[in-house]
Structure formats: structure tokens, C-alpha cells
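Read off the chains here:
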Amino acid sequence: QRRNLAGDTVAKGTEGECQFLGISSRDVWYCGKRKNQCQCGGCDGRCGPDNGCPCLDCLSYMLHDGTLKKNSQNSICHKGGRLGGNGGFTRLSPSQVWYCGVRKNECQCGSCDGVCGPTNGCPCLACFNLLIDEGVVKVNSAGVVARKGGQHGGNGGFTR
């Protein structure tokens, strides 16, 4: 059994959306306890399992297990949606890209709304740097993005 930092048993959500993170509740770990730690202003105070914000202990659990990360601007980030779309200029699937959901107007492809995700599109620079840190993408000296999984020799498996 998985447990959060308070020792509460956690499970993935069952349905609905976590408004705070902007992702499906099925991708969020919840303890189900009433802790009154709503982050979005619209929850009933219970930590999941079918909607609402995760409590602080469950957020910490998700940061620890890699479900969530913090970018260099200290924003909580999550992987994009699985419902289609694209990863903007990264040319990755959105489910491979980290997003913070903050409006930063840092679109590099010219067709995004200026918000970093929250389900697809261009990530902001701080979230893109998480992909670089993980080794998922590289940027050459000309600023060209290469992604892992290439078929060309001599470049470590990266393509443009």
C-alpha cells in the first residue's frame, strides 16, 4: 500500500478533474480524508477521490514519487494530457511534456494560447528545462531542439 507523508493510504482518483492541477483525477493520488486544504476555491474540503484538490500531504507524495515536479520558478508541474493535441515546439506527445498551467506567453510554435499547458501545447521555458534536465530533449548551439528516440547515428539517438 502506498502512503503519503502523514501515513495515510493513498489511491488514484476515480473520476472528474482536479481543478487545481488541471488534470484528470485519475492521475492524482488522494487519501480521501477531509483536511480542508482546498487550493482552487471550489472543493468540499475532502482530498479526492472523485474530484477536488489533493491535500498537502498527497501533493508532497506526488512530488516525491515523480508524478509532479517543481520547475525553476517553483511552480508545481505535471505531465500533459493523454487526449491528443501536441507538445508544441517540442514535437513530443503532451503526455511526455511537463506543464505548470501558468500564463507566460512563451509559445514557440505560434499557435498556443500563452498558457503553459495544462494539457497540451508549448511548455514554458522553466518547464521545458525539466525535459532537458531529464535528458528527454537536447538543444544544440543554434537553439534547435532534438528529442530522444531518433534513428540517426552519431547523435546519441536524438533527432530534430
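Scroll up for the structure.
Being a predicted model, the structure only gives us computed values, none of them experimental.

Reading the values: the criteria
- Residues numbered from 1 in each chain as written.
- Predicted model: local features only at pLDDT ≥ 70, side-chain atom pairs only at ≥ 80, totals over all residues.
- Heavy atoms only, no water.
- Disulfide = S-S within 2.5 Å.
- Buried < 20%, exposed > 50% of the residue type's maximum accessible area, 1.4 Å probe, protein only.
- Core = buried A, V, L, I, M, F, W, Y, C linked by side-chain atoms within 4.5 Å.
- Helix = DSSP H or I, 4+ residues; strand = E, 2+ residues; numbered from the N terminus.
- Contact = heavy atoms within 4.5 Å.
- Phe/Tyr/Trp six-rings, centres within 6.5 Å; stacked < 30°, edge-to-face > 60°.
- Pairing = 2+ DSSP bridges.
- Axes fitted to C-alpha atoms, helices over the stretch in contact; angles between N-to-C directions.

Our focus in this paragraph is the state of the cysteines. As enumerated under the stated definition, the model contains 0 disulfides in all. Not engaged in a disulfide, the cysteine Cys109 finds its nearest cysteine sulfur in Cys112; these two sulfurs lie 3.6 Å apart. A relative accessible area of 36% means that Cys109 is categorised as partly exposed.

This next bit is on the nonpolar core. Core analysis: the biggest nonpolar cluster contains 17 residues, and Cys127 and Leu131 have the highest contact counts within it. Only strand 7 (98-99) and helix 2 (125-134) provide two or more residues apiece to this core. The element that contributes the greatest number of residues to this core is helix 2, accounting for 5 residues. Apart from the residues lying within four places of it in its own chain, the contact partners of Leu131 are Thr90, Leu92, Gln96, Val97, Trp98, Val136 and Val137. One finds Cys18, Leu21, Cys47 and Cys58 within the second-largest nonpolar core, a separate group that totals 15 residues.

Now for the environment of Asp50. Tracing the backbone through its elements, the reader meets Asp50 in the loop between strand 4 (29-30) and helix 1 (56-65). Here Asp50 falls in the partly exposed class, since its relative accessible area comes to 28%. In sequence terms Asp50 and Thr14 are 36 residues apart; their C-alpha atoms lie 5.0 Å from each other. If we skip the residues at most four places from it in the chain, Asp50 touches Thr14, Glu15, Gly16 and Ser25.

With that out of the way, let us pick up helix 2. Here helix 2 has its buried residues at Ala126, Cys127, Phe128, Leu130 and Leu131. Once helix 2 ends, the next one or two residues include Gly135, with phi positive near 80°.

On to the packing of aromatic side chains, then. Across all of its chains, the model carries 2 aromatic pairs by this definition. An angle of 50° between the planes, with centres 5.0 Å apart, marks the rings of Phe89 and Phe128 as tilted. Of this pair, Phe89 sits in the loop between strand 6 (76-79) and strand 7 while Phe128 sits in helix 2, placing them 39 residues apart in sequence. Each of the two residues, Phe89 as well as Phe128, counts as buried.

Okay, the sheet that holds strand 5 (residues 68-70) next. Taken in spatial order, the 3 strands line up as 5-6-7 in an open sheet, and their pairing is antiparallel. Looking at the sheet topology across the chains shown, the edges are occupied by strand 5 and strand 7. Inspection of the sheet shows strand 6 paired to strand 7 by 2 bridges, in the antiparallel sense. Across the sheet, residue Lys79 finds its bridge partner in strand 7, namely Trp98. With respect to the sheet, helix 1 is in contact with strand 5 and strand 6, its orientation differing from that of strand 5 by roughly 85°.

Before going further, it helps to examine unusual backbone geometry. Geometrically, the link from Gly48 to Pro49 is a cis peptide bond, its omega value of 0° lying close to zero. Note that Pro49 resides in the loop between strand 4 and helix 1. Not every positive phi belongs to a glycine, and Asn74 is a case in point at roughly 65°. Using a relative accessible area of 54% as the deciding quantity, one classes Asn74 as exposed. Here Arg91, not a glycine, exhibits a phi torsion of approximately 60°, which is positive. Looking at the element boundaries, Arg91 is found in the loop between strand 6 and strand 7. Here Arg91 falls in the partly exposed class, since its relative accessible area comes to 43%.

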